[in-house]
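Chain by chain, the residues:
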Amino acid sequence: MDRSDRKTIRVGSRKSELALIQTKFVISQLKELHPEIEFEIVSMTTMGDRVLDKPLPKIGEKSLFTKDLEVALLSGTVDLIVHSLKDLPTVMEIGTTIGAVLKRDDPRDALVLRDDCKEYQLDSLPSKSFIGTSSLRRTAQLKRKFPNLQVSDVRGNLNTRLKKLDNSESTVNNTNTNYSGIILALAGIQRMGWEKRVSQIIDSDVMLYAVGQGALAVECRLGDDYILEMLEPLHHYETVLQVVAERGFLTRLGGGCSAPVGIRSTVCLTKNAMSLDGAVWSLDGAEELQFSSSAELADKKVIQSHIDQYRGEDGEPPKKCPYKQPKQFVGVTPGKISYLDLDTALKLGTELAENLISKGALDIMNAAKEIIHSTIK
């Protein structure tokens, strides 16, 4: 569908306030590059937004926050979709691709406390205090490192969860639960302009974050070269390397966005290196497997030499544009980013997962899945 005469681009988004803020931000970046094009937001609710009376793992559906939007994308109702990258499955819907990954915001988690608990932090909260989260990853780490606290599921968008906290009570498993605090992604709070609500930024040494957390992704149709060319300048080099490594890690483990799996990645271009820390937990946090690994990125001279191999005798770039290359990296279109570094990142994530698997990670994850499935019936 190469309609290069398109003057209005339809952008799919969830209806939540945070999703719309993120979508408008991406549109502002595209508008700077293409002031002649109009962008129209098409918002909708997803299954993850509609079903709020069950914990995420118990809904039993994949792509909870993306499927409805992807149906609209593939039908041509929208031309691209803006996502929080952590919501996107590592196996993309057939016919779609991630055309851009924007510069990552702070990927760490944050503790938001009720007003009468503001003087506390995680390690000083009174015993039996309730902390709300819908994430198995956060739940497992909380139970492991702060066994004196109680963890309860809390669902809804950012506004809804904060409202439940501020009202100080919510119904969980047919009982009234007074939340002392909830844990949220720091990036989302910052995008909403609610930094003052943060009581504690949880360092990644204390709580590893989710794959892709803090990054925005723009999904489009595979083969829509007009949109892919438009999105390519938004690709952020270091962030793309990070998310390719992280998504490669999760793909090899076979986990979804709700699995008890955590990650931390860094890229240092001055040293041409990147590192990755990954972990898997049992649901109760009693079992933990954690491993770290690092890799050397290609020297920029090597990358240039690699690119030059594809140039003609006249020194001109290849006629086939980078965004049209068929190779994908865990669903990400490379654009102009070096295949050498993307291969390195993907291999780093895959090998880190292999190390955890050799120590029994799949047994831990399978046991978690069995517990979840048994509670669904």
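Given the structure is predicted, the values throughout are model-derived calculations rather than measurements. (Residues numbered from 1 in each chain as written. Predicted model: local features only at pLDDT ≥ 70, side-chain atom pairs only at ≥ 80, totals over all residues. Heavy atoms only, no water.)

Visitor: Describe the side chain of D277, with residues and values.
Guide: Mapped onto the fold, D277 is located in strand β14 (residues 273-281). D277 gets classed as buried once you look at its relative accessible area, which sits at 13%. A distance of 2.3 Å separates a polar atom in the side chain of D277 from a polar atom in the side chain of S292. For D277, the contacting residues outside a window of four places in its chain are L208, G262, I263, R264, F291, S292 and L352. (Helix = DSSP H or I, 4+ residues; strand = E, 2+ residues; numbered from the N terminus. Buried < 20%, exposed > 50% of the residue type's maximum accessible area, 1.4 Å probe, protein only. Polar contact = N/O pair within 3.5 Å; in protein donor to acceptor, adjacent residues only side chain to side chain. Contact = heavy atoms within 4.5 Å.)

Visitor: Give a detailed account of the sheet that holds strand β13 (residues 261-268), specifying residues and quantitative values.
Guide: Read across the sheet, three strands follow the order β13-β14-β15 without closing on themselves; strand pairing throughout is antiparallel. Since the sheet does not close on itself, it has two edges, and those belong to β13 and β15 (288-296), each with one partner. Between one strand and the next, the sheet's axes are offset by a mean angle of 10 degrees, whatever the strand orientation. Where helix α5 (residues 136-145) meets the sheet, its contacts fall on β13, β14 and β15, and the angle it forms with β14 comes to roughly 75 degrees. Here helix α11 (residues 339-358) sits on the sheet and contacts β13, β14 and β15; the angle it forms with β15, its principal contact strand, is near 150 degrees. (Pairing = 2+ DSSP bridges. Axes fitted to C-alpha atoms, helices over the stretch in contact; angles between N-to-C directions.)

Visitor: Requested: an account of helix α1 (residues 17-33), with residues and values cited.
Guide: Spanning 17 residues, α1 covers 25 Å between terminal C-alpha atoms, matching the ideal 24 Å at 1.5 Å per step. Looking only at α1, the buried set comprises L18, A19, Q22, T23, V26, I27 and L30. (Expected span 1.5 Å × (residues − 1).)

Visitor: Quick rundown of the pairing of strand β5 (residues 109-113)? Include the residues and the values.
Guide: A regular strand places its side chains so that they alternate between the two faces of the sheet. Burial of β5 is extensive: five of the five residues sit out of reach of the surface. The side-chain alternation of β5 yields two buried faces, one formed by D109, L111 and L113 and the other by A110 and V112. Strand direction decides the pairing type here: β5 and strand β10 (residues 179-185), joined by five bridges, are antiparallel. Directly across from V112, in β10, lies its bridge partner I182. In this sheet, strand β11 (residues 200-202) lies alongside β5 in antiparallel orientation, the contact comprising three bridges. Within the sheet, the bridge partner assigned to A110 lies in β11 and is I201.

Visitor: Could you give an account of the packing of helix α9 (residues 237-253) against α11, naming the residues involved and the relevant values?
Guide: The contact between α9 and α11 brings their axes to 7 Å, and the two run at 35 degrees. Between α9 and α11 lies a crossing of right-handed hand. Along the contact surface, α9 presents Y237, V240, L241, V244, A245, G248, F249, R252 and L253, while α11 presents D341, L342, A345, L346, G349, T350, L352, A353, E354, L356 and I357. For the contact of α9 with α11, the per-class residue count stands at 14 nonpolar, three polar and three charged. (Left-handed = near helix turned anticlockwise from the far one by under 90°. Nonpolar A, V, L, I, M, F, W, Y, C, P; charged D, E, K, R; others polar.)

Visitor: Got a sec to walk through the pattern of salt bridges? Specific residues and values, please.
Guide: Taken as a whole, this structure holds 20 salt bridges when the rule is applied. D105 is paired through a salt bridge with R191; the nearest N and O atoms lie 3.1 Å apart. One end of the pair, D105, is in the loop between β4 (96-101) and β5; the other, R191, is in helix α7 (residues 186-191), and 86 residues separate them in sequence. Look at R191 and you get buried, because its relative accessible area is 18%. R221 is the partner of D224 in a salt bridge, and the nearest nitrogen-oxygen pair spans 3.3 Å. Classification of D224 as buried rests on a relative accessible area of 1%. (Salt bridge = Lys/Arg side-chain N within 4 Å of Asp/Glu carboxyl O.)

Visitor: Report on the sheet that holds strand β1 (residues 8-14), specifying residues and quantitative values.
Guide: With mixed pairing, five strands are arranged side by side in an open sheet as β2-β1-β3-β12-β4. Each edge of the sheet is formed by a strand with only one pairing partner; in this case those strands are β2 (38-44) and β4. When the angles between neighbouring strand axes are averaged without regard to direction, this sheet yields 30 degrees. Seen against the sheet, helix α4 (residues 67-75) touches β1, β2, β3 (80-84), β4 and β12 (216-221) and runs at an angle of roughly 160 degrees to β3.

Visitor: Could you give an account of the packing of aromatic side chains, with specific residues and numbers?
Guide: Scanning the entire structure with this criterion turns up one aromatic pair. Both rings, one in F329 and one in Y339, keep their centres 5.5 Å apart while their planes meet at 75 degrees; by these two values the pair is edge-to-face. Here the residue F329 occupies a position in the loop between α10 (300-308) and α11, and Y339 occupies one in helix α11, the gap between them amounting to 10 residues. In this structure F329 comes out as buried when scored by relative accessible area, which is 1%. (Phe/Tyr/Trp six-rings, centres within 6.5 Å; stacked < 30°, edge-to-face > 60°.)

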